[in-house]
Every structure is written in structure tokens, then in C-alpha cells.
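As a plain string of letters, each chain reads:
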Amino acid sequence: MSARILEGEQGIWESVALLRAGEVVALPTETVYGLAGDAFQPLALARIFEAKGRPLSDPLIIHLPEAGWLERVVRFESLEQSKFVMEMASALWPGPLTLLLPKCEDLPELVTAGYQKVAVRVTSHPLFQEVLRRLDAPLAAPSANRFGRISPTTAGDVRIELGVKIPMILDGGPCQHGMESTIVEVVKEGMRILRPGPISEDQLKKYGHIIPTSGIVNTPGSLPGHYAPAKELHILEKDISTLAPNPKVALLAFSMPPAELLQGFAAVEVLSPGGDLREAAANFYGALRRLDSSEADMIWAEPLPEQGIGIAVMDRMRRSSYGSRKSSPAESAHQGRVS
Ligand code: TXA
Ligand code: MG
């Protein structure tokens, strides 16, 4: 049996009924599709981990109906911290920003995998928002892919990833950003960016000091080998225009490559013909997925300029190419190689 894909009012209604009953449902967000379950029902949480094949050591993001819910899931360390967070939340939520904050005691341990902090966000997607409004409860929702694999940006992608494991997918069309939210840890001295995403460092620094992470980001789920296609992926070190065509290779180009290259590869995907970083980010996972199912032996990817959302895309591209690949993401997890 493959998951039903439903839209509109019927989709919302059935999502709410399934989630109330402790089931899991894939829902669209403005970043990527999430696999949602009631954050206060441990059985639903267990189902999320099971469907994704995700280790229980890797905590889940909680999606709140609105910022006012923060007080019910986090425990602010000071009045100052709560003011700082509320200021940032009122400016950037709903939107692709996840905040890591001290958790309150009532949250099931499974959500945070035993950590003392919980990751929270408010999505701007109208379908997800409507489901939350009717449920009147927060939803845990990691990206709706099998552990370590490419994140889904359409309902069809979710079905490929998890179709046999979940009952339903709410179809909200392609995701606007196509890149997961920016994750920010809030600490006394300011904030630390744990995962680059659609909200940029420039947007964040208006609200407080950003502590440099020197490339070593200590989150349980940010493994070096993540977002992985099944094929080897190599990031090009030389200019794409100097490449010789190769029919065994699939090419992932940032902007429009020279015309002769469009024919000479097993498959070619152009992320943004005009070189627009936001468009490229939105197309990245879908293009990677198509190249992965092409006839090619491997994928060559053109790097993007590392500015704005390009920083997030390059973070994912490097992880996709990790070792290309000496060990699987699951093996990396067991070796504790987190970065
Ligand atoms: O845009 C997004 O954030 C999407 C949509 C569906 O909301 N969600 C998403 O979830 O990307 P996920 O689970 O695929 O990625 C969340 C990352 C994981 O690497 C996880 O380990 C980390 O956030 N994380 C979650 N809770 C955490 C916690 N309490 N402490 C440290 N890291 C945490
Ligand atoms: Mg994920």
C-alpha cells in the first residue's frame, strides 16, 4: 500500500484526524516536506523515527501553531532571553527559522533525544498552519525522507521516500525555499548558527551577536554524510566551461552551461538558467533526485557562489558528496562522527 496523496479541505481534515489518533502524516512547509506527529504523543514520535529509519539519538524539530506557544514547550533562562527570543520570533516567524532553546519538562524525552534543548519553529505554509490551528497542539516534524537521504520538496518525492511507511501525504505543491530552515542556538552570549538556511546571517545579526562556529557545528543530526544521493557526487573544482562531455556522468549546473555541454552528458540539470541563487536553492533537491535516478554512474556538481542562500546549498552539496562515499550516513552516526 502506498500513502494516499490528498489536497485541500479533505487533505486537511484527514491529516487532523490521523494526527489526533497518533498517526504520522507528511505535510508541506515553506522549506521541505515534514513527517509530522503529535509532539505530546510518544507513540506518534516513535512512528516518525521508525518510518524514517532515524536513530533515536537524533532529536526532532517541533512546529508550533504560533510564537505564543513557546512558553508551553521551552523554559526561558531569563527575562532578557525571553525578550530577545520574542523579538526575533515576531520579526522572523512564521518563516524558515528554527530556534534551539532550553526545553520545558513536560515535553516527551523522545522529542529531544534526551538533550536539554528543544528545536522549535513556526512554519509559514498555509496548509501546515491550518492543520496546527485545528489540532491546537504542536507537531514534531523532521524532513520527510529516509534517514540521511535527499529531502523531499514535492508530495511525489515524499511518496518515493516513505510511501510504503506512512498513511497519507498532504499535497501543497512544490516547497517555496526547497532548503531546510536555518537553525540557531540561543545562548547567553548571543546565538550560534548550527545549520545555514533561507534566513541569512545578515538577517540574524540585527537581533544579537553571532558567535562564530569555526565550521565545527555540534548538532546530533548534522552528519557529514547527509542529504545523500545513491550515486557518487563530486563537486567540480574547475570551471564548468572547461569540461569535456562524458556520457557516463550526470551534470548538475548552477546556471546555463555552454550549449555543447547540454548534449554530452547522461543527464543535465540547470538549477537556475539566469544564475539566481534562490531559484537554484528551490530546485536543488529535486534536480539531485532526478540525476540520481538517471543512467549515469556518478554526478558532477558545479559549486554555487557562497553568499545568501548559496551558503546553505553548498553546505548540503558538501554533505551530499561526503567521501563520495567511504561510509553510509548510518555508519557515520554509529561512529559518532558529527560535525
Ligand atoms: O525546514 C526544516 O527545518 C524542516 C521542516 C520539515 O520543518 N525540518 C527539518 O528537520 O529539516 P530535520 O529533522 O530533518 O532536521 C533538523 C535538524 C536535525 O539535524 C536535528 O538533529 C537537529 O535539527 N535538531 C533537532 N532538535 C535538536 C535539538 N534538540 N538539539 C540539537 N539539534 C537538534
Ligand atoms: Mg532532514
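Residues numbered from 1 in each chain as written. Chains lettered and ligands numbered in written order. Predicted model: local features only at pLDDT ≥ 70, side-chain atom pairs only at ≥ 80, totals over all residues. Heavy atoms only, no water.

Hey, could you run me through the side chain of E30 in this one?
The topology assignment puts E30 in the loop between β2 (25-27) and β3 (34-38). Of the polar contacts made by the side chain of E30, one reaches the side chain of R121; its length is 3.1 Å. Among residues more than four places away in sequence, those in contact with E30 are G95, P96, R121, V122, T123, S124, H125, C175, Q176, H177 and G178. (Helix = DSSP H or I, 4+ residues; strand = E, 2+ residues; numbered from the N terminus. Polar contact = N/O pair within 3.5 Å; in protein donor to acceptor, adjacent residues only side chain to side chain. Contact = heavy atoms within 4.5 Å.)

When you look at the packing of aromatic side chains in this model, what are you seeing that I'm missing?
For the structure on display, the rule yields two aromatic pairs. Seen from their ring centres, F265 and W300 are 6.2 Å apart, and the 70° between their planes marks the pair as edge-to-face. Of this pair, F265 sits in the loop between α9 (259-263) and β13 (267-270) while W300 sits in strand β14 (residues 298-301), placing them 35 residues apart in sequence. Looking at W300, the relative accessible area reads 19%, which means it is buried. Ring geometry for F284 versus Y285: centroids 5.5 Å apart, planes at 55°, classification tilted. Like F284, the residue Y285 is buried in the burial classification. One residue, R72, lies across the ring of W69, its end atom 3.7 Å from the ring centre. (Phe/Tyr/Trp six-rings, centres within 6.5 Å; stacked < 30°, edge-to-face > 60°. Buried < 20%, exposed > 50% of the residue type's maximum accessible area, 1.4 Å probe, protein only. Lys NZ or Arg CZ within 6 Å of the ring centre and 35° of its normal.)

What am I meant to see in the nonpolar core here?
One recurring pattern in soluble globular proteins: nonpolar side chains tend to sit buried together. If you look at the biggest cluster of nonpolar residues, it comprises 48 residues, and the most contacted ones within it are L99, V120, I166 and L204. Listing elements by their share of this core, those giving two or more residues are α2 (42-52), α3 (70-73), α4 (79-92), β5 (97-102), β6 (117-121), α7 (155-162), β9 (182-187) and β10 (190-195). If one sorts the elements of this core by residue count, α4 sits on top with five residues. Among residues more than four places away in sequence, those in contact with L99 are V85, M88, W93, V118, A119, V120, V184 and V186. (Core = buried A, V, L, I, M, F, W, Y, C linked by side-chain atoms within 4.5 Å.)

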